[in-house]
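# Descriptive analysis of the structure
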Amino acid sequence: MYLTRFRINTQRRDARRLLSSPHLMHGAVNAAFPELPPRGVPGPRVLWRVDHEPSGRALLYVTSPSRPDLTHLVEQAGWPAAEGPGWDSFPYGDFLGALAAGDSWGFRLTANPVHAVRLSEDRTVRTKRLAHVTARQQLGWLLARQEANGFEVLRKPEERRLPGVDEGYEVMLRDRLPLRFRRPSAAKGDVQFTRVTYDGRLRVTDVDLLRRALTQGLGKAKAYGCGLMTLAPVSGATERTA
């Protein structure tokens, strides 16, 4: 497994086109690999996410079973004249192998929080996938997936808990964006989904389940920049309880 970081030159027209279209970015990421993992087969897959920094920078993160070649992205949306390849790829296996139950980490996850609703009392009618639209619902979506994905979102100390949507959890929701775009030659109309970024702190509860979540993603719309969770050390936050 590899974790790759690519800095996007937001001043370039092609870069802005990619940033405005999850479909185009999906194609650009896939073009970095001569072969992609087979669809429908359980196992690590290519995941990506764009982080927009307060400074105006945009960073593309990719996790993948094989090392990507982003030369085409450098030419389209990077700095072709700069020294070096234009991106950084790090072996991810050592980090995944060092995870331990009880460790605490900062996390970032961009996801598509949805739920299935049956719009008829007829049990033969298929359910419809609907977006969670309120911040409280979107937080609930994440909390409902903690145990199955090997982590728990940390709670705030009593003295820091305030009434509000975070319910006392160490997590912040941002960039809560409803997206709509048209795929080229799409016969089924526009693609619509809601994208939310979660920033917070978690504790590892099951290493195998968390590794699966980090390499296979969480939730729907993975092709369009959702599902990738990354971890980062937090000063004074790492602790072992097991």
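Use the structure listed above.
For the structure given in this document, a descriptive report is provided here. (Residues numbered from 1 in each chain as written. Predicted model: local features only at pLDDT ≥ 70, side-chain atom pairs only at ≥ 80, totals over all residues. Heavy atoms only, no water.)

### Examining the side chain of Asn149
Mapped onto the secondary structure, Asn149 falls in the loop between helix H5 (135–143) and strand E8 (151–153). We classify Asn149 as buried; its relative accessible area is 10%. A polar side-chain atom of Asn149 sits 2.8 Å from the main-chain carbonyl oxygen of Arg145. Discounting residues that sit within four places of it in the chain, Asn149 has contacts with Leu209, Leu210, Arg212, Ala213 and Leu218. (Helix = DSSP H or I, 4+ residues; strand = E, 2+ residues; numbered from the N terminus. Buried < 20%, exposed > 50% of the residue type's maximum accessible area, 1.4 Å probe, protein only. Polar contact = N/O pair within 3.5 Å; in protein donor to acceptor, adjacent residues only side chain to side chain. Contact = heavy atoms within 4.5 Å.)

### A closer look at the pattern of salt bridges
Applying the stated criterion across every chain, the model contains eleven salt bridges. A salt bridge links Glu152 to Arg203; the shortest N-O distance between them is 3.0 Å. One end of the pair, Glu152, is in strand E8; the other, Arg203, is in strand E10 (residues 191–204), with 51 residues separating them in the sequence. Residue Arg203 is classed as buried on the basis of its relative accessible area, which comes to 18%. With a closest N to O distance of 3.8 Å, Arg201 and Glu170 form a salt bridge. You can see Arg201 sitting in strand E10 and its partner Glu170 sitting in the loop between E8 and strand E9 (171–181), a full 31 residues away along the chain. Shared partners join several salt bridges into a network, and the residues in it are Arg49, Asp51, Glu53, Arg108, Arg174, Asp175 and Asp199. (Salt bridge = Lys/Arg side-chain N within 4 Å of Asp/Glu carboxyl O.)

### Regarding the packing of aromatic side chains
The relation between two aromatic rings is expressed through the spacing of the ring centres and the mutual angle of the planes. Within the structure shown, the criterion is met by three aromatic pairs. With 5.8 Å between their ring centres and 5° between their planes, Tyr92 and Phe95 make a pair best called stacked. Judged by relative accessible area, Phe95 falls into the partly exposed class, the value being 23%. The structure contains a cluster of three or more aromatic residues connected by ring pairs, namely Tyr92, Phe95 and Trp105. Of note, Arg155 hangs over the ring of Tyr169, and the distance from its end group to the ring centre comes to 4.1 Å. (Phe/Tyr/Trp six-rings, centres within 6.5 Å; stacked < 30°, edge-to-face > 60°. Lys NZ or Arg CZ within 6 Å of the ring centre and 35° of its normal.)

### With respect to the nonpolar core
Counting 33 residues, the largest nonpolar core has Phe107, Leu109, Leu142, Val171, Tyr198, Met229 and Leu231 as its most contacted members. Looking at this core, the elements with two or more residues in it are strand E3 (58–64), strand E5 (104–111), H5, E8, E9, E10, helix H6 (207–216) and strand E11 (229–232). The biggest single contributor to this core is H5, with five residues. Not counting residues up to four positions away in its chain, the partners in contact with Met229 are Arg49, Tyr92, Phe107, Arg108, Leu109, Phe151, Leu202, Leu210 and Leu214. (Core = buried A, V, L, I, M, F, W, Y, C linked by side-chain atoms within 4.5 Å.)

Any functional reading would require information beyond the geometric quantities listed.
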